[in-house]
Amino acid sequence: DRVNYLIMGYGLYKNNQGVSKPLKRLDKYYGLGLDYILQLSALKLKISLNYDNSKEDFYQDLDNSTNRAYVGLYDTDNLGFSLYADHQTKNTNSQLILKYANQNSNDINTIFYAINYRYIQNIGDIKYLIHFNKNEKTSTELGTSLTYKKVEKNDFATDHLVNYSWLEPTISGALYILPNANHKFYMGLEIGYRKPLSS
């Protein structure tokens, strides 16, 4: 009593009416992460590199058979990098943070036996924080950051393309209050502006 449609990208769909077996999904994941920490006197460095892959298989079991009829596959690669640099003195603590992340996803369409849809995202971020009078009962922290993001979406079968990028600088301030050794109060404010670069 229902007509099912399989959406494949922005403008392509397939009528899935009359199929006796239900649509199934199989998810598979694997990845690798590496961390390295280096302590040099008052300077502490932490470097992280991560990669993971996920595969989503959409299929239906065939009647009177142990084989499967694949409808589509969606494959995603994620790559991430981060660097934390902490520098401590008697009264201040400063931190520099660098981050980069990349996502690359592809929809493999079994009708064309080719990539029908692709999604690519890149994000880069740099942040600097400095905490003054860190050992006092009342202390302040100032910070600034800059974020860049770019996204591309392609639907090759119907020739649809969406892409955009933007840049976002921010400044921040925070107040720390330590009434005793067991409690800490924190109040912060961040102001930013997002500037579109392309659309």
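Overview of the structure. This one's a predicted model, so the numbers in the text were calculated from it and none came from an experiment.

### Points about the pairing of strand S7 (residues 114-132)
For step 1, the next point in the chain: With 17 bridges connecting them, strand S6 (residues 93-109) and S7 associate as antiparallel partners. By the bridge assignment for S7, Asp107 is matched with Tyr117.
For step 2, the next point in the chain: A loop of four residues connects S6 with S7, the two strands running antiparallel in sequence, and Tyr113 in this loop sits at a positive phi of about 50°.
For step 3, the next point in the chain: Bridge analysis of S7 against strand S8 (residues 138-155) gives 16 bridges, and the strand direction is antiparallel. Paired with Tyr128 across the strands is Thr144, a residue of S8.
For step 4, the next point in the chain: Between S7 and S8, which pair antiparallel and follow one another directly, the connecting turn spans five residues, one of which, Asn133, has a positive phi of 50°.

### Considering the side chain of Glu141
For step 1, the next point in the chain: The topology assignment puts Glu141 in strand S8.
For step 2, the next point in the chain: No salt bridge is formed by the buried Glu141. Its closest oppositely charged neighbour is Lys127, at 8.4 Å.
For step 3, the next point in the chain: Within the structure, Glu141 has its side chain in polar contact with the side chain of Tyr176 (distance 3.5 Å).
For step 4, the next point in the chain: Apart from residues lying up to four places away in sequence, Glu141 is in contact with Leu129, Ile130, His131, Ser172, Gly173, Ala174 and Tyr176.

### Comments concerning the pattern of salt bridges
For step 1, the next point in the chain: For the structure on display, the rule yields seven salt bridges.
For step 2, the next point in the chain: With a shortest N-O distance of 2.6 Å, Lys24 and Asp61 are connected by a salt bridge. Residue Lys24 is located in strand S3 (residues 24-40), and its partner Asp61 is located in strand S4 (residues 43-61); the two are separated by 37 residues in the primary sequence.
For step 3, the next point in the chain: A relative accessible area of 23% places Asp61 in the partly exposed class.

### What about the packing of aromatic side chains?
For step 1, the next point in the chain: Taken as a whole and judged by the stated rule, the model has two aromatic pairs.
For step 2, the next point in the chain: Aromatic side chains Tyr59 and Tyr70 sit 5.8 Å apart centroid to centroid with 50° between the ring planes, which places their arrangement in the tilted category. Of this pair, Tyr59 sits in strand S4 while Tyr70 is found in strand S5 (residues 68-88), placing the two residues 11 residues apart along the sequence.
For step 3, the next point in the chain: Given a relative accessible area of 8%, Tyr59 falls into the buried group.
For step 4, the next point in the chain: Judged by centre distance (5.1 Å) and plane angle (50°), the rings of Tyr176 and Tyr186 are tilted. Taken as a pair, Tyr176 in strand S9 (residues 160-180) and Tyr186 in strand S10 (residues 183-192) lie far apart in primary sequence, 10 residues in all.
For step 5, the next point in the chain: By relative accessible area, Tyr176 is classed as buried at 13%.
For step 6, the next point in the chain: The cationic tip of Arg68 hangs over the ring face of Tyr59; the distance from NZ or CZ to the ring centre is 4.2 Å.
For step 7, the next point in the chain: Just above the ring of Trp166 sits the side chain of Arg194; from NZ or CZ to the centre is 3.8 Å.

### Quick look at unusual backbone geometry
For step 1, the next point in the chain: A positive phi angle, close to 55°, is found at Ser41, a residue other than glycine.
For step 2, the next point in the chain: Note on placement: Ser41 falls in the loop between S3 and S4.
For step 3, the next point in the chain: You can call Ser41 exposed: its relative accessible area is 73%.
For step 4, the next point in the chain: Of note in this structure, Asn133 is not a glycine but carries a positive phi near 50°.
For step 5, the next point in the chain: Along the chain, Asn133 falls in the loop between S7 and S8.
For step 6, the next point in the chain: The exposure class assigned to Asn133 is partly exposed, which follows from its relative accessible area of 40%.

Thresholds, definitions, all that
- Residues numbered from 1 in each chain as written.
- Predicted model: local features only at pLDDT ≥ 70, side-chain atom pairs only at ≥ 80, totals over all residues.
- Heavy atoms only, no water.
- Pairing = 2+ DSSP bridges.
- Helix = DSSP H or I, 4+ residues; strand = E, 2+ residues; numbered from the N terminus.
- Buried < 20%, exposed > 50% of the residue type's maximum accessible area, 1.4 Å probe, protein only.
- Lys, Arg positive; Asp, Glu negative; His and termini not counted.
- Salt bridge = Lys/Arg side-chain N within 4 Å of Asp/Glu carboxyl O.
- Polar contact = N/O pair within 3.5 Å; in protein donor to acceptor, adjacent residues only side chain to side chain.
- Contact = heavy atoms within 4.5 Å.
- Phe/Tyr/Trp six-rings, centres within 6.5 Å; stacked < 30°, edge-to-face > 60°.
- Lys NZ or Arg CZ within 6 Å of the ring centre and 35° of its normal.

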